[in-house]
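# Notes for the structure review
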Amino acid sequence: APVKIGMITTLSGGGAGLGVDTRDGFMLAIKRAGNEDVTVVIEDDAQKPEMAVQLADKMIQQENVDILTGIVWSNLLMAVQPGAVAQGKFYVSTNAAPAPLAGKGCSPLYFNAAYQNDNLHEAMGQYANEAHKKMFILAPNYPAGKDSLTGFKRYFKGEVVSEIYTKLGQTDYAAEIAQIRASGADGVFMFLPGGMGIAFMKQFAQSGVETPVMGPGFSFSQDVLPAIGDAALGVKNSGQWSHDLDNEANKTFVDAFKAEYNRLPSIYAMQGYDAAQMILSAAAKADVKDTDAFRAELLKADFQSPRGKFKFNTNQHPIQDIYVREVVKEGDTYTNKIVGTAFTDHGDAYAQDCKM
Amino acid sequence: MISREWTVNAALALALLAAAIAAEAAGQVFYITLATRIAILGLAATGLNLALGLGGLVSFGHAVFFGIGGYAAGILGSHAFSGDPMIFGLEGSNSMPLIWLVAALAAAVAGVVIGVISIRTSGVYFIMITLAFAQMLYYFAISWPAYGGEDGLSIFVRNAFPGMNTMKPLSFFLISFGALMAGIAILAVLRGSRFGSALDVVRQNEVRAAAVGINPFPVKLTAFVLSAMITAVAGALYADLNRFVSPSMMSWHMSGELIVLIILGGTGRLFGPMAGAALFVLIEHNLGELTERWQFFLGLILLVTVLFARGGVLGFLAGKVRHG
Amino acid sequence: MAEPVLQISNLVKSFGALRATDDVTIDLHPGEIHALIGPNGAGKSTLIHQICGTHAPNSGTIRFMGEDITHLGVAARARKGLGRTFQISSIAPEFSALRNVMLAVQARQGSSFRFFRPVRSDASLTGPAMTALERVGLAGRASLPVAELSHGERRQLEIAIALALGSRAFLLDEPMAGMGPEGSRALTSFLADLKQEAPILLVEHDMDAVFALADRISVLVYGKIIATGTVEEIRRDPAVRTAYLGDHD
Amino acid sequence: MTAALAIEQLLNGLQLGVMLFLMAAGLTLIFGVMGLINLAHGSLYMVGAFACAAVASLTGSFWLGLIASLAAAAAAGAIIEVLVIRRLYSRDHLDQVLATFALILIFSEGTRWVFGSFPLYLNIPSILQGAVSLPGGVQYPAYRLAVIAAGGLIALGLAALITRTRLGIRIRAGENDREMIGALGVDIRTLYTVVFALGAALAGLAGALVGALQSVQVGMGEPVLILAFVVIVIGGIGSIKGAFLAALLVGVVDTMGRFLLPHLLATVLPPSEAGTIGGSASSMLIYIMMAFILAFRPRGLFAA
Amino acid sequence: MLLEVKDIATFYGASQALFGVNLAMEEGEVVALMGRNGMGKSTTIRSICNLTPAKSGSISFSGQKTAKMPAFRVARLGIGLVPEGRRCFRSLNVHENLVAAARPGRWTLEKVNALFPRLAERRHQASMTLSGGEQQMLAIGRALMTNPKLLILDEATEGLAPVIRQDIWAAIRTLKQDGLSILVVDKTLSELLPVADKCVILENGQSVWSGKPAEITEAVRDQYLGV
Ligand SMILES: Nc1ncnc2c1ncn2[C@@H]1O[C@H](COP(=O)(O)OP(=O)(O)OP(=O)(O)O)[C@@H](O)[C@H]1O
Ligand SMILES: Nc1ncnc2c1ncn2[C@@H]1O[C@H](COP(=O)(O)OP(=O)(O)OP(=O)(O)O)[C@@H](O)[C@H]1O
Ligand SMILES: [Mg+2]
Ligand SMILES: [Mg+2]
């Protein structure tokens, strides 16, 4: 039966790299499946919530898509998801995973194929217990930043010597780095996505402060590593996936991605790829118009994820292993290598609030 | 006397109305949504037009009032939905007229505060200080956890309007369209009135205004506040249209876009903002389908418009403005 | 003698080290033209600015019709009936001549905070405005945007605006400037009549006009009044001749 | 909190100030002196950073990259001046806002078209790597010291250009009355192109210098742009001295706010909330300061 | 022939201001351009300087056709303009105003300061705060500093005190003796006519009369100048 997928993602402006990887990973899976029944329309949300809503309306009302996907940012997803599920459409998230949608605001039609936002931060909290007693933690001052530090603290048992919220979009971190130097912390956890993280790491490397830095995988994913360069080497970060993960599905994915796009896949590419695989697996067995059947198939997660094992929790967010990775240089490329496992079969803290 | 401009204006308004009705007839719901968006953005820019077009107050922070309106709808609506009381134990409400009133009053308060400080400055300083206030509130909204911060606030059920089912796209369009027409009518009356004359002379030459006994400050402040109120009502409608409100409604991009709408349509023209909104929304909608690089071409189109099509859409359709 | 309409006492205004107005005391009586002459940069315009309220004096008082207005704003003084013209024309460039004058009528009638009634068809505005334009001989140009008026015509418009304000005293800063010989003559006879309506403080360098019109003349040099008197007294005053008049007849 | 930390933060504030000035320098020239609101200034800044990163990665030399950034931004500036900006001087601010807003879109998407969607790598030249020890036991990154020096030099050079040279006098005369300066025989058109290109080159240089400390990516110019405007407006338009002092003021207030507000609040609130509220307050701080200053001095601190 | 204006027509947007103006000046001549308010004197000057270029007709200066030249090139051919309304550069100080467009030649800062000592006194004051008369002196000084062959004075004595006006007329006479050509618009005929070699009268945008000052009869005055 035909399935029409509407992908809304960020393809212009500063955040475009993430959307491009999401799209490329997603389309790789679609292409490899060669399923004529599945069609995808893609549009650019320019990282604006209003734009995303408009596109969602257009896709639902005009293009008659069955499934929406692709949004990178929590605030855009928060704008689109309620309307989409209210109009009876599936939403499969490739990245954004704000807490409300995992808890009280969960919906039978809403799946997250990536993680719950807190997962990677929780993993670093867990990992930090191994070697650190006093942590300095910082994140931008917005909901995802707060969730991040909350997630970290949920598992970190040592002392948090300082908890700092920086301005969203800040580019100079001298003041924060000076505080790190003075704090006596033995480790730094930072969640600074995109350009903020690049700036922080470069400045940190120049500062002469030696405290080890760690963070969630998005701050050190393949799309930004080349821009940070040497400054990122040795940094520990968390991820539910890494390109060196040793399993068949992952090898296939990484090789196919490299062959198709001539670059290493980032975590966003993998997430796009998996979201597509998941939809394809359900489409092969059920008609998307039969909502209940289709949902049941989605829930089975019957596909080979490059992550290895993967299943859904009651709130339709993943239960999966979260790894600790280290930034290394392989030849000329900066990339991540798995150095440990923080959690196995890890769900999230909000599933208990989800009443479906 | 029916001038060419009025013929064009009437044609534009009827075209928008007809487009929505035709879309309803053809079952093309999305086009109603587009028409609604045009009406609402047109209203927001009409509000700004009072300050900017008539009063020469180039506010680069009007998105703040748009956002305040949006949050009025979001906050009142979500409290009405959840049944939790707000501060001071006030009840939420899902009644649009009440929400609009609250939006306008909140914007008026903000407008007075911002205006009293900003209007003392002029020219570029004014542009920048309004931008600064907008940035201030923008950062506040981003980090203010109670109503979602940067994630924004969803309105699960569109607020209600007496006697209409607002969830029906055409009904909501008609409400928005009515609001737009009312906004334009308010501007038309103001412009022709003594207040409008005073505002106009203050824009052209403040020294002269003062020398004939018209104190520029209260005139400008009044225009600024009225303008904020209209834009706030548009913001409330916009939140209801998207069923969502977030700080991005207050971003400087939004302020810039409101200015773009006015210039695109024709500065100082009554129907300019609506014409500009129509053009902008259509360009955005169609370019996005054609190419991923749509922003590049949008830039080019805007550039060509400012450089070569002075007077915008209305200048093109209805000729140069006549002053008198 | 009747109570002065305008009474300026011991006014001082400094710009940095420069005393542009240096303890000036001067008044204006009903029905008179009091001419203020003096070299360029003597402080005549500065004095007018202080009377109108655009500059605040450092000390001294300004009384208008018995009331102390030293601390009132510009607009408030205008509404009390201080009509002024600018040395360099200052008008609303996009409006027609008529609407420029209508604004003055509107301000005189009171509040500008009336939001409904359209002004264009408001005969209570257009009527008096037209009359004012007619009086200065600009009626034929009433509907022209003022950007299209010539320099001299703008000077006439300035006077029309002051007339329409229903001023109780006129402060005219070089009204003859830019008028052709014909215009100057016409204006001279016009002002000779106008003073019956309200007294005029006239700043002017056109000595033919000043000597023809003034009831009294004060001479301002370096911010100080060095002489006040009738036309004849001033003409003969040797200090005035060297400081200002030169060998003017 | 120790005295050493306070001193270091003060230094950081001054340093941020100089960096802000560096970013604002070109804008002061164009905006303050030519009277043009150039929202696309941030785009020129981005052009400089991208040119530097591209050339540096091609040749391996940061210094060649720096030259490339000057050249590329100046060229971009000259081109947009001739094609676009030239038609805007006589227009009101409104048209300038719109046209340069359009230029932002064009530059951002154009850059992404050429360089792709991912941030580029631009690192500090090796001789300026790492931190140096300053008296008082403060460790300070060498590169930041170099940036401070560059900012200071540019401030002095610009001030001299504007106030001492005939070029500067003519530019300012042109801003007062373009027609008149032309009627006196000055080719103000070409002069403005040169000045605009110069302003653009300064933006490009700032982009390259600051880009090495931050992230070279599309849209990097936008936050800078608004801050730079804030700086210029606080300082008083047209005043290089004002812009410089305002930049330092903004730098110090912002840094100290980020640093002290959470600390102060932590005395009355739990640390997590102090962090959040302090964070919000400090991100609004410079805007509050700007509103406050303009409320009392509507033409900035050092208006010309 | 220094300046030759032949049958020019000039428009402001759609409205026509000049309908055929003719004017010719020899080197060293002082020509008075006369006419009532609004007859097109200033417009003629704007057309000569190419500030409002003529739509038809031709203008040549020093043997060069000026059509299509940008205004600054026309100025560099040797025209120094003192415009109606002064138009000093507001935010520049007196000194800066004088040097802004200066070109080398006989007129230097010292000579201008000697001509108008008042300007030397106010050297560092922003020109917008000068008194009206001071601004007028500045505008003349500024034009002289470009060392023009032809000086154009549009109402250059407007608003000047009688003593200063006498000085300026004296200066104009000196300039004339030095061989400078001058085109003057001024309303004080009693001062203007004695220095003028030739007069051109405009009415409604047309040149209607030209001749020597002595030839201006009562009838001509009555008809065109309204005196
Ligand atoms: N804002 C100011 N700052 C500094 N000096 C000023 C300012 N305004 C005026 N002046 C100076 O004060 C003096 C008086 O100026 P004012 O304009 O009153 O002269 P005036 O008598 O009107 O001359 P004119 O007849 O030439 O118009 C002048 O020397 C002028 O330069
Ligand atoms: N900018 C303009 N736009 C439209 N019309 C104009 C403009 N400037 C002048 N005019 C018109 O052109 C005609 C000639 O004006 P001009 O200024 O040349 O007269 P003038 O002889 O210099 O008069 P005055 O002695 O008053 O200065 C007038 O009718 C005037 O209204
Ligand atoms: Mg004066
Ligand atoms: Mg003239």
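Residues numbered from 1 in each chain as written. Chains lettered and ligands numbered in written order. Predicted model: local features only at pLDDT ≥ 70, side-chain atom pairs only at ≥ 80, totals over all residues. Heavy atoms only, no water.

## Remarks on the sheet that holds strand β6 (residues 82-85) of chain C
All names here are of chain C. Reading across the sheet, the six strands line up as β6-β7-β8-β3-β9-β10 and stay open at both edges, with mixed pairing between neighbours. Pairing within the sheet leaves two strands with one partner each, and these edge strands are β6 and β10 (224-229). Neighbour-to-neighbour, the strand axes of the sheet open up by a mean angle of 15°, direction not taken into account. Bridge analysis of strand β3 (residues 33-37) against strand β8 (residues 200-203) gives four bridges, and the strand direction is parallel. Residue pairing in the sheet places A35 in a bridge with L202 of β8. Its contacts with the sheet place helix α6 (residues 181-197) against β3, β7 (169-173) and β8, and it is angled at close to 145° to β8. (Pairing = 2+ DSSP bridges. Helix = DSSP H or I, 4+ residues; strand = E, 2+ residues; numbered from the N terminus. Axes fitted to C-alpha atoms, helices over the stretch in contact; angles between N-to-C directions. Contact = heavy atoms within 4.5 Å.)

## A look at empty space enclosed by the protein
By the definition in use, this model includes 12 cavities of 30 Å³ or more. Considered as a void within the structure, the second largest cavity measures approximately 110 Å³ in volume. Looking at the second largest cavity, it is lined by 16 residues, and the ones nearest its centre are C:P181, E:G35, E:K41, E:D186 and E:K187. Along the lines of polarity and charge, the residues of the lining of the second largest cavity split into seven nonpolar, four polar and five charged. (1 Å grid on protein atoms, 1.4 Å probe; cavity = no way out; pocket = protein on both sides within 12 Å on 5 of 7 lines; lining within 4 Å. Points joined across faces, edges and corners; volume = space filled by probe spheres on them. Nonpolar A, V, L, I, M, F, W, Y, C, P; charged D, E, K, R; others polar.)

## Description of the domain arrangement of chain C
All names here are of chain C. Partitioning chain C into domains gives domain 1 (1-81 + 168-249) and domain 2 (90-167). Taking the mean C-alpha position of each, domain 1 and domain 2 sit 25 Å from one another. Between domain 1 and domain 2, the residue contacts involve 17 residues of the former and 13 residues of the latter. Around 1,100 Å² of area is buried between domain 1 and domain 2 when both sides are counted, 67% of it from carbon and sulfur atoms. Contact with domain 2 buries surface across domain 1, with F170, M179 and F190 losing the most and accounting together for 40% of the total. (Domains from an automatic or database assignment. Buried area = accessible area lost by both parts, 1.4 Å probe.)

## Observations regarding the coordination of the magnesium ion (ligand 4)
Taken together, the protein ligands of the magnesium ion (ligand 4) are E:S42 (OG) and E:E84 (OE), with distances of 1.9 Å. Remark: E:E84 occurs in the loop between β6 (79-82) and α3 (94-100) and E:S42 occurs in helix α1 (residues 41-48); sequence separation between them is 42 residues. (Donors = N, O, S within 2.8 Å, 3.2 Å for Na, K, Ca; no water.)

## Here's the deal with unusual backbone geometry
Positive phi values are uncommon outside glycine, yet A:Q47 reaches one of about 60°. Note that A:Q47 resides in the loop between β2 (38-44) and α2 (49-62). One non-glycine residue, E:S62, lies in positive phi territory at about 50°. As for its placement among the helices and strands, E:S62 is situated in the loop between β4 (56-61) and β5 (64-65).

## Describing the site of ligand 1
Residues in close proximity to ligand 1 total 23 residues, the closest being C:K44, C:S45, C:T46, E:Q125 and E:G133. Around ligand 1 the close residues trace back to chains C and E. Backbone polar atom of C:G43 to an oxygen atom of ligand 1: 2.9 Å apart, as the coordinates give it. Take C:T46: an N or O atom from its side chain is 2.5 Å from an oxygen atom of ligand 1. For ligand 1, the protein covers 88% of the area, taking 630 Å² as the surface of the free molecule. Of all the secondary-structure elements, those providing two or more residues to the shell around ligand 1 are β2 (18-28) and α1 (44-52) of chain C together with α6 (132-144) of chain E. Of the residues assigned to the shell around ligand 1, the class counts are six nonpolar, 12 polar and five charged. (Near = heavy atom within 4 Å. Polar contact = N/O pair within 3.5 Å; in protein donor to acceptor, adjacent residues only side chain to side chain. Areas by Shrake-Rupley, 256 points an atom, 1.4 Å probe, with all protein chains shown as cover.)

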